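Below are the chains, spelled out letter by letter.
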Protein chains: 2
Amino acid sequence: MPSPRPVLIIGSVAIDRVATPFAQSGDILGGAATYAAIASSYFAPTRLVGIVGSDFPPAFLRRYRKHGIDLAGLQTDPAGKTFYWSGRYREHFAGRDTLEIQLNVFENFTPVLPPSYRNTPFVMLGAIQPSLQNHVIDQLAGARRPFILADTFDLWIHTTRPELDRMLKRIDLFVINEEEALLLTGERNPVLAGRHLRRMGPRIIVIKKGGHGSLLFHADGYFATSAYPVTKFVDPTGAGDSYAGAMIGYLASVNRTDFSALKKAVAYATAVSSLTVESFSVDRLSAAGRKTIDARYRELIKITRF
Amino acid sequence: MPSPRPVLIIGSVAIDRVATPFAQSGDILGGAATYAAIASSYFAPTRLVGIVGSDFPPAFLRRYRKHGIDLAGLQTDPAGKTFYWSGRYREHFAGRDTLEIQLNVFENFTPVLPPSYRNTPFVMLGAIQPSLQNHVIDQLAGARRPFILADTFDLWIHTTRPELDRMLKRIDLFVINEEEALLLTGERNPVLAGRHLRRMGPRIIVIKKGGHGSLLFHADGYFATSAYPVTKFVDPTGAGDSYAGAMIGYLASVNRTDFSALKKAVAYATAVSSLTVESFSVDRLSAAGRKTIDARYRELIKITRF
């Protein structure tokens, strides 16, 4: 076994308040970087770049520390409050509506990598503005080019397309959900969308279909996996972020990015994100432990083989 | 290799006229029994029970004969016309609307099994009225109880629930699509719906999710498979019927119904139904040949293993 390489995660850190058709959370730890970093931490040493305000609860910081996450890149702005998001999922989880959004300290966030982070070999760019994603890539001036995973969301597809297109040419692995893949490519079918996205820059594409599994597109082939059969579905928030975090973490843990390793990374990401949806916030993900993740990974092999 | 056992298919035979967002068919061969019987014929000797009118084109009969389908159970009513259905798929194939329906000879159809059919060991009941499905089961009075697969659709769930519930207690394998499984069980999740359906009677459940693959529920375990990556998507009509036909045909071909055989049957059904959607009517399915089906089956193994 190679020793795990470090992972750098850049993205939002938030205080969330979530309503589903069945339950209502309090003010909980959220943000793409939170879900991704905790997921990644199960596989590899993980560094976090983000920003919080003076109101960020010490208990939330302890949650990161419990997972050994390096917080040298977590800025605290004592003059402001943490990014706050409140949302409500519709009936049958068919979409969600934002009830309240306060960007707060996140509004003027510029990710700055501490010098000690600049050589990180595995990097995940959460779905922040594409101009900021490019700004991070500019700072990754290590001797060896890192492997970069990026995510995005529909707002950036609609509003900052040129910066997004530029970012796509500078990354290795693009992880995107099905609706956004169709929106970005104009294709009607996720298989065509995945092929189309590879022509836009990233040599590896993962299209996530939520409860219907995910698809991997690579020069060496195509891979499709089913979802883990979740029956206790509580809150989908962060599922995609923890999926991407588990992928980059697993790849760093084996220090490989070939097709075979990528398929295993997709399977681990499937297992990890199935935990995320079983509670509000990172509660289930954080409590589950690596043994539960490995058990779900093995279960995924078992239920998909014939 | 065991020699294939015969299969009996009961269901609608129709003349269809289909519009999709991209193309318009002429008057084409359709009906659940048509798709299912041609799919089954690739695996096992197949017998068809249905009804047509005096207008049924000889070319359509030749299509069945090309596949060696036994037509002793295909009634012809010289006084009437064949069941006619015209429909239009909505944008992105999100549902379909019936433009015209003429039940014609199908309105008073009572499936009668020729004596030579009554010992058929593998039977598929297409989505006809549950009372007729029960009537067929009453006639299956052979020395050995057959293995029975049944399908249904939302109209029967809404209108003839007691007969449907009775039918479910008399069959072995229920093949149903995801929306109908949720409707029938009141569950919000296909995994819970599959378990719930097993408690309603059939010991084996398959839930089809169209382009997202399918799920198998059995006392020995759960199996999930991805869809074959279709890129030339023309018309989904008959995909589910050919899926069920391929399942019953494969099981008859190996004369087994254990969990391992059922998983392989699901994979063959996935391969076969991926051909159906690549043309109007049974054109692609009929032209493909067993070699193409086997190639897609092997491809499905390759793209789902990790």
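Preceding this section is the structure that the text describes.
Predicted model, so just to flag it, every value in this text is computed and none were measured.

K.L.:
Let's hear about the side chain of B:Thr304: which residues, and what values?
P.N.:
Relative to the helices and strands, B:Thr304 is located in helix α11 (residues 290-304). Judged by its relative accessible area of 5%, B:Thr304 is buried. Once you skip the residues sitting within four places of it in the chain, B:Thr304 turns out to touch A:Phe223, A:Ala224, A:Thr304, A:Phe306, B:Thr225 and B:Ser226.

K.L.:
Account for the relation of the copies chain A and chain B, naming residues and giving values.
P.N.:
Between the two copies of this chain, the relationship is a rotation about some axis together with a displacement along it. Of the transformation superimposing chain A on chain B, the axial component is 0.0 Å and the angular component is 180°, with the fit at an RMSD of 0.0 Å. Both copies of the chain, as the preceding transformation shows, are related through a two-fold rotation axis. With an isologous cut-off of 70% or more, the 100% of interface residues of chain A that recur at the interface of chain B puts this contact in the isologous class.

K.L.:
So what's going on with the interface of chain A and chain B? Which residues, and what values?
P.N.:
Taken together, the contacts link 27 residues of chain A with 27 residues of chain B. Summing both sides of the interface, chain A and chain B together bury roughly 2,700 Å²; the carbon and sulfur share of this comes to 58%. Contact with chain B buries surface across chain A, with A:His212, A:Arg305 and A:Phe306 losing the most and accounting together for 28% of the total. The interface formed by chain A and chain B contains 0 salt bridges. The interface formed by chain A and chain B contains 10 residue pairs in polar contact (both at pLDDT 80 or more). Mapped onto the side of chain A that touches chain B, the elements with two or more residues apiece are α7 (190-199), β13 (221-225), α9 (259-276) and α10 (283-304) of chain A.

K.L.:
Could you give an account of the pattern of salt bridges, naming the residues involved and the relevant values?
P.N.:
If you walk through the whole model with that rule in mind, you get 24 salt bridges over all chains. Put simply, B:Arg145 and B:Asp172 hold a salt bridge, and the shortest N to O gap is 3.3 Å. Highlighted residues: B:Arg145 in the loop between α3 (130-139) and β9 (147-150) and B:Asp172 in the loop between α5 (161-168) and β10 (173-177), separated in sequence by 27 residues. With a relative accessible area of 7%, B:Asp172 lands in the buried category. Each of the salt bridges in this network shares a partner with another, and the network as a whole consists of A:Arg145, A:Asp172 and A:Arg203.

K.L.:
Explain helix α8 (residues 239-254) of chain B residue by residue, including any values.
P.N.:
Taking 1.5 Å of rise per residue, the 16 residues of α8(B) would be expected to cover 22 Å, and the 23 Å separating its terminal C-alpha atoms lies within 8% of that figure. When you tally the buried positions in α8(B), you get 15 out of 16 residues, the bulk of the element.

K.L.:
Please give an account of the packing of α8(B) against helix α9 (residues 259-276) of chain B that cites residues and values.
P.N.:
Residue and element names in this part refer to chain B. Axis separation between α8 and α9 bottoms out at 7 Å; the angle between their running directions is 140°. Between α8 and α9, the angle is such that the two are oblique. For α8 against α9, the interelement crossing comes out right-handed. Across the interface between the two elements, Ala-239, Ser-242, Tyr-243, Ala-246, Met-247, Tyr-250, Leu-251 and Val-254 from α8 touch Ala-261, Leu-262, Lys-264, Ala-265, Val-266, Tyr-268, Ala-269, Thr-270, Val-272, Ser-273 and Thr-276 from α9. Counted by class, the contact of α8 with α9 contains 14 nonpolar, 4 polar and 1 charged residues.

K.L.:
Summarise the side chain of B:Ser12; cite the residues concerned and give the values.
P.N.:
With respect to the element layout, B:Ser12 can be found in the loop between β1 (7-10) and β2 (14-19). For B:Ser12, a relative accessible area of 12% corresponds to the buried category.

K.L.:
Lay out the sheet that holds strand β2 (residues 14-19) of chain A with the relevant residues and their values.
P.N.:
Strand-to-strand pairing in sheets goes through backbone hydrogen bonds, with the strands running parallel or antiparallel. All names here are of chain A. Ordered in space as β3-β2-β6-β7, the 4 strands form an open sheet in which the pairing is mixed. Here the strands that pair on one side only, and so sit at the sheet edges, are β3 (28-30) and β7 (96-102). Neighbour to neighbour, the strand axes of the sheet diverge by 35° on average, direction disregarded. The pairing of β2 with strand β6 (residues 84-89) spans 5 bridges and is classified as parallel. Of the residues in β6, the one forming a bridge with Asp-16 is Trp-85.

K.L.:
Before we move on, could you go through unusual backbone geometry and cite the residues and values that matter?
P.N.:
All names here are of chain B. Although it is not a glycine, His-92 adopts a positive phi angle of roughly 60°. One can find His-92 in the loop between β6 (84-89) and β7 (96-102). Residue His-92 is classed as exposed on the basis of its relative accessible area of 63%. A positive phi is found at Ser-281, a non-glycine position, where the angle reads about 55°. Along the chain, Ser-281 falls in the loop between α9 and α10 (283-288).

K.L.:
Help me get a handle on the sheet that holds strand β1 (residues 7-10) of chain A, residues and values and all.
P.N.:
Residues and elements named next belong to chain A. In spatial order, the strands read β5-β4-β1-β8-β9-β10-β11-β12-β13; together these 9 strands make up an open sheet with mixed pairing. Two strands lie at the open edges of the sheet, namely β5 (70-77) and β13, each paired on one side alone. Pairwise comparison of adjacent strand axes, ignoring direction, gives a mean angle of 15° for this sheet. Strand direction decides the pairing type here: strand β12 (residues 214-218) and β13, joined by 5 bridges, are antiparallel. Bridge pairing links Ser-214 to Thr-225 in β13. Contacting β1, β8 (122-125) and β9 (147-150), helix α3 (residues 130-139) runs over the sheet at an angle of about 160° to β8.

Each value, and the rule that gives it
Residues numbered from 1 in each chain as written. Chains lettered and ligands numbered in written order. Predicted model: local features only at pLDDT ≥ 70, side-chain atom pairs only at ≥ 80, totals over all residues. Heavy atoms only, no water. Helix = DSSP H or I, 4+ residues; strand = E, 2+ residues; numbered from the N terminus. Buried < 20%, exposed > 50% of the residue type's maximum accessible area, 1.4 Å probe, protein only. Contact = heavy atoms within 4.5 Å. Least-squares fit on C-alpha atoms with pLDDT ≥ 70 in both. Buried area = accessible area lost by both parts, 1.4 Å probe. Salt bridge = Lys/Arg side-chain N within 4 Å of Asp/Glu carboxyl O. Polar contact = N/O pair within 3.5 Å; in protein donor to acceptor, adjacent residues only side chain to side chain. Expected span 1.5 Å × (residues − 1). Axes fitted to C-alpha atoms, helices over the stretch in contact; angles between N-to-C directions. Parallel < 35°, antiparallel > 145°, perpendicular 65-115°, else oblique. Left-handed = near helix turned anticlockwise from the far one by under 90°. Nonpolar A, V, L, I, M, F, W, Y, C, P; charged D, E, K, R; others polar. Pairing = 2+ DSSP bridges.

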